[in-house]
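Next come the chains, spelled out residue by residue.
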Amino acid sequence: MNRHSVDICVCTFRRAYLAETLASIARLDARDIAIRVVISDNDHTPSARALVESVAAGFPFPITYLHSPAANISIARNACLDAATADFIAFVDDDEVVSPLWLQHLLAKATETGAGVVLGPVRAVYSPSAPRWLTEGDFHSTLPVQVGGTIRTGYTCNVLMRWQMPLSAQRFDLSLGKSGGEDTDFFYRYSDAGGAIAFAPEAWIDEPVPTNRAAMNWLLSRRLRSGQTHGARLRAKTRFAIPAACIAAAKAAACLGMAVVSAYSPIGWRKNLLRGVLHLGVIGGLYGAAQPALYGQQRPS
C-alpha cells in the first residue's frame, strides 16, 4: 500500500469518554499511514483542552486541538474540514472505540474502489442491564442503507473521505447542527453530484449504548428526526409536496398497522413502529416542521 496521510477528526462536547476513544486510536495499526488527530471541542468553553493536552504528551501521533464553539455539531465538523491538510479525513464520534485495523480497511477499500467516501460499520455494545428486546433486536448498530445496490448517503460516526475536489468544497449545514441530520445531508449532496460511496465491512467501530439511549423514547425521537431530514430533502427537490406526503402517509399507515399485527413480538412491533414514525417524520419534513434540538444538551460522560 502506498503511504497515505489521514487526519482523524473527533468532535466532542462534554464527554469524558473521549479519553477511551483516543486510547483506541493510539492502538491503530499505522503501517504506511501518516496520522494526525484533530479534536474539535464544541463546548462554550474549552472544556476538553486539559484532557487532550494530558493525552497528547505520550501520544504516538500528533494531536491538534480546536475550540469551535458552541453547541452546534456542524460548527465543530466544519472546523475539522477547514483544518484538514491530509490526503484523507476520517470522522469518529467521541463515544466510540476504533478497532486496530480500522483505518487499514477503510484505506484498502478506498484504493480498491476509487470511491471518495468509505463507510464502516458501528457495532452497538449493550450493558448487561439493557432490555432483552433491545439487545436481540440490535436497534443501535449503524450500517449504510443501500437502494438498488447503491449507497446514496452516509454518516460521520465511521467514515473516510478522500479530501479533494469536489468533496473538499462542501461544508456541513449549520441549520442542522442542533437537530442532527447534518451528515445525512452532507453525503446526499455528495452523491447527488455523482460521488461514489463504498462500504468496508471489516472496518468496525464499537459504540457503548448509555442508559439514556437504551429506551424506546430515544429511538423514536431519533427516527422521527431522520424522517424529517429526508422530508426536508424531498421538499427541496420537488415543487409539489402533496404526492410525496401521500406516499409517506401510506407507508406510515402500513407500518403502524404491522406494529399492531406484530404486537406478539417484542422486537417486531417496535421495529414496525419505528418505521412508521420515520415516515411520519418525512411528512413533517415535507411541510417544514421544526426539528427538535438533540445536540448540545448536557449529557452523561
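Preceding this paragraph is the structure being described.
Residues numbered from 1 in each chain as written. Predicted model: local features only at pLDDT ≥ 70, side-chain atom pairs only at ≥ 80, totals over all residues. Heavy atoms only, no water.

A short note on the sheet that holds strand S12 (residues 205–208)
Stated formally: Here, any two strands with at least 2 DSSP bridges between them count as paired. Segments assigned H or I by DSSP are reported as helices when at least four residues long, segments assigned E as strands when at least two residues long, and all are numbered from the N terminus.
Strand order in this open sheet of three strands is S5-S12-S7, and the pairing throughout is mixed. Only two strands of the sheet have a single partner each, and these edge strands are strand S5 (97–98) and strand S7 (122–125). As paired strands, S5 and S12 are joined by two bridges and run antiparallel to one another. Directly across from Val97, in S12, lies its bridge partner Asp206.

Quick word on the side chain of Arg233
What counts here: We call a residue buried when its accessible area falls under 20% of the maximum for its residue type, exposed when it is over 50%, and partly exposed in between, using a 1.4 Å probe and counting protein chains only. Working rule for contacts: check all heavy atoms of both residues, and any pair within 4.5 Å makes them a contact.
Note on placement: Arg233 falls in helix H7 (residues 216–237). Classification of Arg233 by relative accessible area gives buried; the value is 17%. Residue contacts for Arg233: discarding those within four places in its chain leaves Arg152, Tyr188 and Asp192.

Describing the pattern of salt bridges
Under the convention used in this document: Only one rule defines a salt bridge in this text: a Lys or Arg side-chain nitrogen within 4 Å of an Asp or Glu carboxyl oxygen.
All told, the structure shown has 15 salt bridges when counted by the stated rule. Between Asp43 and Arg14 there is a salt bridge, with the nearest N and O atoms lying 3.0 Å from each other. One end of the pair, Asp43, is in the loop between strand S2 (33–41) and helix H2 (49–56); the other, Arg14, is in the loop between strand S1 (4–12) and helix H1 (18–26), and 29 residues separate them in sequence. By relative accessible area, which is 5% here, Asp43 ends up buried. According to the relative accessible area criterion, Arg14 is partly exposed, its value standing at 33%. In this structure, the salt-bridge partner of Arg152 is Asp192, at a minimum N-O distance of 2.7 Å. Of this pair, Arg152 sits in the loop between strand S9 (150–151) and strand S10 (158–162) while Asp192 sits in helix H6 (residues 182–192), placing them 40 residues apart in sequence.

A few points about the environment of Leu107
When you line up the elements, Leu107 lands in helix H4 (residues 102–113). Under the relative-accessibility criterion, Leu107 is labelled buried at 0%. For the pair Leu107 and Val6, spaced 101 residues apart in sequence, the C-alpha separation works out to 9.4 Å.

Observations concerning unusual backbone geometry
Trans peptide bonds make up the majority, and among non-glycine residues the majority have a negative phi. Residue Ala70 is bonded to the preceding Pro69 through a cis peptide linkage, with omega at 0 degrees. Mapped onto the elements of the fold, Ala70 is located in the loop between strand S3 (63–67) and helix H3 (73–83). Going from Met165 to Pro166, the amide bond is cis rather than trans, its omega being 5 degrees. Mapped onto the fold, Pro166 is located in the loop between S10 and H6. With phi around 65 degrees, Asp32 is a residue other than glycine that occupies positive phi space. Residue class for Asp32 comes out partly exposed when judged on its relative accessible area of 38%.

Some remarks on the pairing of S7
Here S7 shows a clear split, with Val122 and Ala124 buried on one side and none of Arg123 and Val125 buried on the other. Sheet topology note: the S7/S12 ladder contains four bridges and is parallel. Across the sheet, Val125 pairs through a bridge with Pro208, a residue of S12.

Quick notes on the nonpolar core
What counts here: We define a nonpolar core as any set of buried Ala, Val, Leu, Ile, Met, Phe, Trp, Tyr and Cys residues linked to one another through side-chain atoms lying within 4.5 Å.
Within the largest apolar cluster, 33 residues are counted, with the highest numbers of intra-cluster contacts made by Val6, Ile8, Ile25, Ile39, Trp102, Leu103 and Leu160. Taken together, the elements giving at least two residues each to this core come down to S1, H1, S2, S3, strand S4 (88–93) and H4. Looking at this core, the element that brings in the most residues is H4, giving five residues. If near-sequence neighbours (up to four positions away) are discounted, Ile8 is found in contact with Ile25, Leu28, Ile35, Arg36, Val37, Val38, Ala90, Val92, Trp102 and Leu103.

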